[in-house]
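Listed below, chain by chain, are the residues.
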Amino acid sequence: MLIRTRPGWELPESAVTPEKFYLNRRQLLAAAGFLGVEGLMADTAKRNPEFADATKLTPEFAATGYNNFYELHPTDKEKAKDLGDKFITEPWSFEVSGLVNKPKKYDLDDIRKRMPMEERIYRFRCVETWAMVVPWTGFPISQLIKEVEPKPNAKYLRFVTANRPDQFPGMKMAPFYPWPYHEGLRMDEAMNPLAMFVTGIYGKPLPKQNGAPLRVVTPWKYGYKSIKAIVKIEFTEKEPPTFWNKLQSSEYGFYSNVEPGKPHPRWSQANERLIPTGERQKTLQYNGYEKYVAGMYNGKEF
Ligand code: MTE
């Protein structure tokens, strides 16, 4: 992965829409009846007050315009948003299999209606040192895990992205990658209340470049653990292989927790750069989520 120090479109702070404006606009539109059924439905997820700190919220145009989704474009973060035309996200189903009592093929619309959807503002930190603050809509991964009843020997979850070279131009541009994109979590990590399945951002359905229609978000880990466009979840006994670890095992481990004191072999992880302003700040242990996740680790994880 390459670091780009200052993308050309980065704006000065003064040009960025403050979060209160985004909220007020939607609230005003809703009150005035300008949001149609879809707009109202998209807004029904209530913000969880525990994850409501919007002081440095990334403007929507930046979170949806600067993406790592290698299936759409393997190198250019600003092009991914324009390359999703062929990617079909509706209808969407995903399969849950492996060491569970109730394996099942899920219809995403169905699960969206049944699950306790909520909005959470999380910090999001990429291993490349850029960072954002994003309002995600979704539900805890633990809800789905409980439903399928893991067997006692299920220790890990393996997630797999759609494998669609005809819909994903990036797969053809970079045929040497170990497609489809795949990731994993240990069972206790997936059960952690912070770990989410996400179907929306900024009160709207997930745009394709952000991993529509279903992705993982684990805010205490580097962004590449947050796998997009999921079609398969398998419960396994052994630690599953992961995409980035296969590509460069000395640089990208299975755990990939945000740890400012553990430098990447090629750069420091002590600081981060907020998108789009470029403002630099100190990176926090577990990306600021220490109280929720530190108990799962002994500090030796990589
Ligand atoms: N999932 C898939 N399927 N393909 C990808 O290329 N990129 C990862 C992760 N999930 C990626 C993926 C990386 S490196 C990051 S930093 C985040 O998605 C970026 O998420 P965002 O574009 O919503 O910021």
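Look a little higher up for the structure.
The rules behind each value
Residues numbered from 1 in each chain as written. Predicted model: local features only at pLDDT ≥ 70, side-chain atom pairs only at ≥ 80, totals over all residues. Heavy atoms only, no water. Helix = DSSP H or I, 4+ residues; strand = E, 2+ residues; numbered from the N terminus. Buried < 20%, exposed > 50% of the residue type's maximum accessible area, 1.4 Å probe, protein only. Contact = heavy atoms within 4.5 Å. Areas by Shrake-Rupley, 256 points an atom, 1.4 Å probe, with all protein chains shown as cover. Pairing = 2+ DSSP bridges. Near = heavy atom within 4 Å. Polar contact = N/O pair within 3.5 Å; in protein donor to acceptor, adjacent residues only side chain to side chain. Nonpolar A, V, L, I, M, F, W, Y, C, P; charged D, E, K, R; others polar. Phe/Tyr/Trp six-rings, centres within 6.5 Å; stacked < 30°, edge-to-face > 60°. Lys NZ or Arg CZ within 6 Å of the ring centre and 35° of its normal. Axes fitted to C-alpha atoms, helices over the stretch in contact; angles between N-to-C directions. Core = buried A, V, L, I, M, F, W, Y, C linked by side-chain atoms within 4.5 Å.

Draft legend 1. Inspection of the overall build of the protein at higher detail. Of regular secondary structure, the protein possesses nine helices and 13 strands. Across the 302 residues that make up the protein, the buried fraction comes to 54%. Intrachain contacts of the protein at a sequence separation of at least 6 include 74% that bridge at least 24 residues. When the accessible surface of the protein is summed, it comes to about 13800 Å², and 55% of that surface belongs to carbon and sulfur atoms.

Draft legend 2. Spatial organisation of the pairing of strand β11 (residues 230–236). As defined by bridge partners, strand β2 (residues 93–98) adjoins β11 across four bridges and the pair is classed as parallel. The partner of S97 across the bridge, within β11, is E234. Examined bridge by bridge, strand β6 (residues 156–161) and β11 share six bridges and lie antiparallel to one another. Considered in β11, the bridge of V160 is made with K232.

Draft legend 3. The site of the ligand, seen in detail. Around the ligand, 17 residues are found, and the nearest of them are Y70, E71, R215, S226 and K228. At 3.2 Å, a side-chain N or O of N210 approaches an oxygen atom of the ligand. Between the ligand and K228 there is a distance of 2.7 Å, counted from an oxygen atom to a side-chain nitrogen or oxygen. Relative to its unbound accessible surface of 530 Å², the ligand loses 99% to contact with the protein. Taken together, the residues of the shell around the ligand break down into eight nonpolar, six polar and three charged.

Draft legend 4. Structural view of the pairing of β6. With respect to burial, β6 is a largely interior element, five of its six residues being buried. With five bridges joining them, β6 and strand β7 (residues 182–186) adopt antiparallel strand pairing. Bridging across to β7, V160 finds its partner in H182.

Draft legend 5. Main features of the side chain of E189. In this fold, E189 is placed in helix α7 (residues 187–191). Residue classification places E189 among the buried residues on the basis of a relative accessible area of 0%. In terms of polar contacts, E189 uses its side chain to reach the side chain of K221, at 2.6 Å. The contacts of E189, once residues within four sequence positions are left out, are A195, W220, K221, F254, Y255, N257, M296 and Y297.

Draft legend 6. Structural detail: the packing of aromatic side chains. In total, this model carries 29 aromatic pairs according to the counting rule given. Judged by centre distance (5.6 Å) and plane angle (80°), the ring pair of F243 and W244 falls under edge-to-face. As far as the burial class goes, F243 and W244 line up, both buried. Here the aromatic cluster, defined as three or more aromatic residues joined through ring pairs, consists of Y70, F176, Y177, W179, Y181, Y224, F243, W244 and Y252. Above the face of the Y66 ring, K77 is positioned so that its terminal group lies 5.9 Å from the ring centre. Seen from the ring of Y289, R123 lies directly overhead, with NZ or CZ sitting 4.9 Å from the centre.

Draft legend 7. How the structure looks around the sheet that holds β2. Pairing in this open sheet of five strands is mixed, and the strands run β3-β2-β11-β6-β7 from one edge to the other. The outermost strands of the open sheet, each flanked by one partner alone, are β3 (104–107) and β7. Strand-to-strand twist across the sheet, computed as the mean angle between neighbouring axes with direction ignored, equals 20°. In this fold helix α5 (residues 141–148) packs onto β2, β3, β6, β7 and β11, with an angle of close to 140° to the strand it touches most, β3.

Draft legend 8. View of the nonpolar core. Counting 81 residues, the largest nonpolar core has F197, I233 and F235 as the members making the most contacts within it. The element contributing the most residues to this core is strand β5 (residues 130–140), with six residues. Those residues in contact with I233 that sit more than four places away from it in its chain are F94, E95, V96, S97, L144, L157, R158, F159 and F197.

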